[in-house]
Amino acid sequence: MSVHMTTPRTKENVLHYFSRSKPKSKINTVTLLKYLVEGKGLDFSEAVNADGADAWCVACKLNRVTYLNYFLSAEAGRPKSV
């Protein structure tokens, strides 16, 4: 099963669902985020759900600071296109 898959009805990927959850362990959460984003190439701003929200928007709406901090640091480390 690919981490890039989305659900047929809601069009959400694993990061949408992950961003909704409350992290129990910051270290484990960041480790899993790194695996999904850096290891598997899942883009947190690429897939949008049926409401037009990406994983970043979901984390913002729910004030999931751990996810937002990771997304910001991952975005800062990406090479910028010219």
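Residues numbered from 1 in each chain as written. Predicted model: local features only at pLDDT ≥ 70, side-chain atom pairs only at ≥ 80, totals over all residues. Heavy atoms only, no water.

A closer look at the overall build of the protein chain
Let me state the cut-off plainly: Numbered from the N terminus, helices here are DSSP runs of H or I no shorter than four residues, and strands are runs of E no shorter than two. To sort residues, take the accessible area from a 1.4 Å probe on protein chains only and compare it with the maximum for the residue type: under 20% means buried, over 50% means exposed, and anything in between is partly exposed. Every residue pair with non-hydrogen atoms within 4.5 Å of one another is taken to be in contact.
When you go through the protein chain residue by residue, the secondary structure sums to 4 helices and 0 strands. Listing the helices and strands of the protein chain from first to last along the sequence gives α-α-α-α. For the C-alpha atoms alone, the extent of the protein chain along its principal axes is close to 35 × 30 × 25 Å. Classification of the 82 residues of the protein chain by burial places 33% in the buried group. When contacts within the protein chain are restricted to residue pairs at least 6 apart in sequence, those whose partners lie at least 24 apart make up 62%.

What to know about the packing of aromatic side chains
One pair of aromatic rings is described through two measures. These are the centre distance and the angle between the planes. Worth spelling out the cut-off: When two rings of Phe, Tyr or Trp (its six-membered ring) have centres within 6.5 Å they constitute a pair, described as stacked for plane angles under 30 degrees, edge-to-face for angles over 60, and tilted for the intermediate range.
For the coordinates displayed, the defined rule picks out 4 aromatic pairs. Consider the rings of Phe-44 and Phe-71, whose centres lie 4.4 Å apart with planes at 15 degrees: the pair is stacked. A residue pair is termed long-range when its members are at least 10 positions apart, and Phe-44 in the loop between α2 (26-39) and α3 (55-61) and Phe-71 in helix α4 (residues 65-77) qualify at 27 residues. Ring geometry for Tyr-70 versus Phe-71: centroids 6.3 Å apart, planes at 65 degrees, classification edge-to-face. Of the two residues, Tyr-70 and Phe-71, neither departs from the other in class, the shared state being buried. A connected cluster of aromatic rings, assembled from ring pairs, spans Phe-44, Trp-56, Tyr-70 and Phe-71.

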